[in-house]
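Residue-level structure breakdown
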Amino acid sequence: MRAETKRRVTRDEVAARAGVSSAVVSYVVNNGPRPVAESTRLRVLEAIKELGYHPSGTARALRLGARQTCGVVIPNVKHLFNSAVVHRLDQELSRHNLSMLLSNTHNDPETERTVISEMLSWGVDGLIVMVSALDDDDWRHQKLPVPTILLDRQIGLEHFTTLGPDFAEGGRIATQHLIDHGHEQILAVLGGLFPGDNTRLAGYHRALSDAGLEPLTPIMTSWSLEGGYEAGKRFLKLDSRPSAVFCFSDALAIGFQKAVTEAGVRVPQDVAIMGFDGTDTVKYVQPRITTVRQPINEMLTTAVETLVKEPYEPLREHMIFPVALVPGESCGCPRIEGID
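Being a predicted model, the structure only gives us computed values, none of them experimental.

Our next topic: the sheet that holds strand β7 (residues 219-220). What links the strands of a sheet is backbone hydrogen bonding, and the strands pair in either a parallel or an antiparallel sense. Read across the open sheet, the four strands follow the order β7-β6-β8-β9; overall the sheet is parallel. The sheet is open, and its two edges are formed by β7 and β9 (272-274), each paired on a single side. Its contacts with the sheet place helix α7 (residues 167-180) against β6 (186-190), β8 (244-247) and β9, and it is angled at close to 165° to β8.

As structure tokens, this is what we get:
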């Protein structure tokens, strides 16, 4: 799994760069047991930053025998799609005799930086980071000593393996499907913009533009069931309600549908609803929500196989995986028996 070009920097190398002994480096990293002059401490910290040094900590004992560990960084494990990813990723890592060390960043960039640093100090053999809260400039300055996969990315990033679904096409497909049902006013509901371009939104705009339709001011909420429910409540207060809503995740769509149906709004007769992600949960609400499925299995199989390949080499180009429309009844399509 380890990359020959990403060799782990040693404590002795940091000491040589800072002009101190390796013991002093240890005192700085561990905040003791002996005091270090402030000027020396700053010199050591600068050397650590320049070299990308991450000390091996006692958490390496988390390993079982020769079993390697992969650090998995998730923005919000409560999110339906993220939970599905963690479940499938655990299966795929186990297939390669890898343990998972999981951390939830709560979509906070500083927490993500800390988590990644801690995982490296604990001696993980690889990293998989999903929907990073860090922007591209942050990543360009990262010097990571282990193979790293950036998952569910919308755009590529040089020197890292990046992959994700075709968000732009997914946004276009979802919006076009609602247009094909005769809707001319289609509202977007999303949980804020990711760092960089939100290509789902770009796909939404493209479909409307191609049809000669105008986009509406979107409802911004949180990426959660609760966020979708809150968006549904805001929708109910609109003076003029659009006839269709494109929710940018299944969780948003489920929460939104609950809010409007509680108020007596019929789905799809009064408002058509579209989701995005393709999680199993959409099968267990009525009417079943039409969604665009992200290819979880294909993406995660590729991610892990790339991670464990010896010698590890980051993929040179951003990998985009095709998405697919999964019809339900929330958009006005007839019920399809036996669809999985």
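A cis amide bond links Val267 with the next residue in sequence, Pro268, at an omega value of 10°. Positive phi outside glycine occurs at Asn107, with the angle close to 60°. Secondary-structure assignment places Asn107 in the loop between β2 (98-104) and α5 (109-121). For Asn107, a relative accessible area of 45% puts it in the partly exposed group. The backbone of Asp277 shows a phi angle near 135°, a positive value even though the residue is not glycine. With respect to the helices and strands, Asp277 occurs in the loop between β9 and β10 (291-293).

In the contact formed by helix α4 (residues 80-95) and helix α11 (residues 296-308), the axes pass within 10 Å of each other and the chain directions differ by 45°. In this view, α4 runs oblique relative to α11, as classed from their interaxial angle. Two packed elements cross with a definite hand, and for α4 against α11 that hand is right-handed. On α11, the residues touching Phe81, Ala84, Val85, Arg88, Leu89, Glu92, Leu93 and Arg95 of α4 are Ile296, Asn297, Leu300, Thr301, Val304 and Glu305.

A few words on the environment of Thr161. Tracing the backbone through its elements, the reader meets Thr161 in strand β5 (residues 161-165). A C-alpha to C-alpha distance of 8.3 Å links Thr161 and Thr306, two positions 145 residues apart in sequence. Dropping the residues within four chain positions of it, Thr161 is found in contact with Thr148, Ile149, Leu150, Thr306, Tyr312, Glu313, Pro314 and Leu315.

Space inside the second largest pocket adds up to approximately 320 Å³. Elements supplying a minimum of two residues to the lining of the second largest pocket: α4 and α11. At four residues, α4 tops the list of elements feeding residues into the lining of the second largest pocket. Residue composition of the lining of the second largest pocket, by class: three nonpolar, seven polar and five charged.

Position of Asn82 relative to the elements: it lies in helix α4. Of the polar contacts made by the side chain of Asn82, one reaches the backbone oxygen of Asn76; its length is 2.8 Å. Not counting chain neighbours up to four residues away, the residues in contact with Asn82 comprise Ile74, Pro75, Asn76, Val77 and Met130.

Moving on, we come to the confidence of the model for the protein. Averaged over the protein, the pLDDT score is 85; the fraction of residues at 70 or greater is 89%. The weakest mean pLDDT in the protein belongs to helix α6 (residues 136-140) at 75; the strongest belongs to β8 at 98. Contacts for the low-pLDDT stretch residues 57-66, under 50 throughout, to residues beyond four places or in other chains number twelve contacts.

On to the pairing of β6, then. Across the five residues that make up β6, a large majority, five, are buried. A two-sided burial pattern is seen for β6, the buried positions comprising Ile186, Ala188 and Leu190 on one face and Leu187 and Val189 on the other. When β6 meets β8, the two strands line up parallel, connected through four bridges. Within β8, the residue paired with Leu187 across the bridge is Val245. Summarising the sheet, β6 and β7 pair through two bridges and their orientation is parallel. Each residue of the ladder has a partner; that of Leu190, found in β7, is Met220.

Each value, and the rule that gives it
Residues numbered from 1 in each chain as written. Predicted model: local features only at pLDDT ≥ 70, side-chain atom pairs only at ≥ 80, totals over all residues. Heavy atoms only, no water. Pairing = 2+ DSSP bridges. Helix = DSSP H or I, 4+ residues; strand = E, 2+ residues; numbered from the N terminus. Contact = heavy atoms within 4.5 Å. Axes fitted to C-alpha atoms, helices over the stretch in contact; angles between N-to-C directions. Buried < 20%, exposed > 50% of the residue type's maximum accessible area, 1.4 Å probe, protein only. Parallel < 35°, antiparallel > 145°, perpendicular 65-115°, else oblique. Left-handed = near helix turned anticlockwise from the far one by under 90°. 1 Å grid on protein atoms, 1.4 Å probe; cavity = no way out; pocket = protein on both sides within 12 Å on 5 of 7 lines; lining within 4 Å. Points joined across faces, edges and corners; volume = space filled by probe spheres on them. Nonpolar A, V, L, I, M, F, W, Y, C, P; charged D, E, K, R; others polar. Polar contact = N/O pair within 3.5 Å; in protein donor to acceptor, adjacent residues only side chain to side chain. pLDDT = per-residue confidence, 0-100.

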